[in-house]
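Each chain is listed here by its residues.
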Amino acid sequence: TLASERGAINVQSPTQLTLQGERGLSLGTAALDIDAKTADCRVGRLAYRGEEAHATVLNIRVIGIVYEAIVDRLVHLSKSAFRMTEGVDQVRAAQIDHHASEMARLHGKNVILTAQDLLKTDAKQIHMG
């Protein structure tokens, strides 16, 4: 046991410092500050529980097999967005509102528009055929 009743404890090494626990390593503190030029974290399974998480980064890349996000509210703000899906892309919602300030385009080999009660097309010109 290494302890101090009145002051801080500093452990320093000019090359490398290793902490190793055969069955585990536990850190318990009111505040934890980590400052490193680089960090490499390899964890077999990670569980994070907390009230908030904030990240400020220049680039993020996530590569995986399954990505799931279950939230009450999702806000995505971007200057440009690109999405490519090889298979089916489905949206199921009570209401869908798409707005384009310049041009909106829907194109496919076959396009089907159906409505149960009303289908409205409104423009200065309508070209069909």
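Right above here is the structure, for reference.
Residues numbered from 1 in each chain as written. Predicted model: local features only at pLDDT ≥ 70, side-chain atom pairs only at ≥ 80, totals over all residues. Heavy atoms only, no water.

## Remarks on the overall build of the protein chain
Helix and strand counts for the protein chain come out as zero helices and zero strands. For the protein chain, the C-alpha radius of gyration of 27 Å lies well beyond 14 Å, the compact-globule estimate for 129 residues. Taking all 129 residues of the protein chain together, the buried fraction comes to 0%. In the protein chain, 15 positive and 15 negative side-chain charges are present, and the distance between their average locations comes to 5 Å. (Helix = DSSP H or I, 4+ residues; strand = E, 2+ residues; numbered from the N terminus. Rg over C-alpha atoms; globule rule 2.2 N^0.38 Å. Buried < 20%, exposed > 50% of the residue type's maximum accessible area, 1.4 Å probe, protein only. Lys, Arg positive; Asp, Glu negative; His and termini not counted. Charge placed at Lys NZ, Arg CZ, Asp CG, Glu CD.)

## Focus: the pattern of salt bridges
Applying the stated criterion across every chain, the model contains two salt bridges. With a shortest N-O distance of 2.5 Å, arginine 42 and aspartate 40 are connected by a salt bridge. Classification of arginine 42 as exposed rests on a relative accessible area of 73%. The class of aspartate 40 is exposed, set by a relative accessible area of 60%. A salt bridge links aspartate 89 to arginine 83; the shortest N-O distance between them is 2.6 Å. On the basis of relative accessible area, arginine 83 is assigned to the exposed category, the value being 64%. (Salt bridge = Lys/Arg side-chain N within 4 Å of Asp/Glu carboxyl O.)

Just geometry here; none of it tells us what the structure is for.
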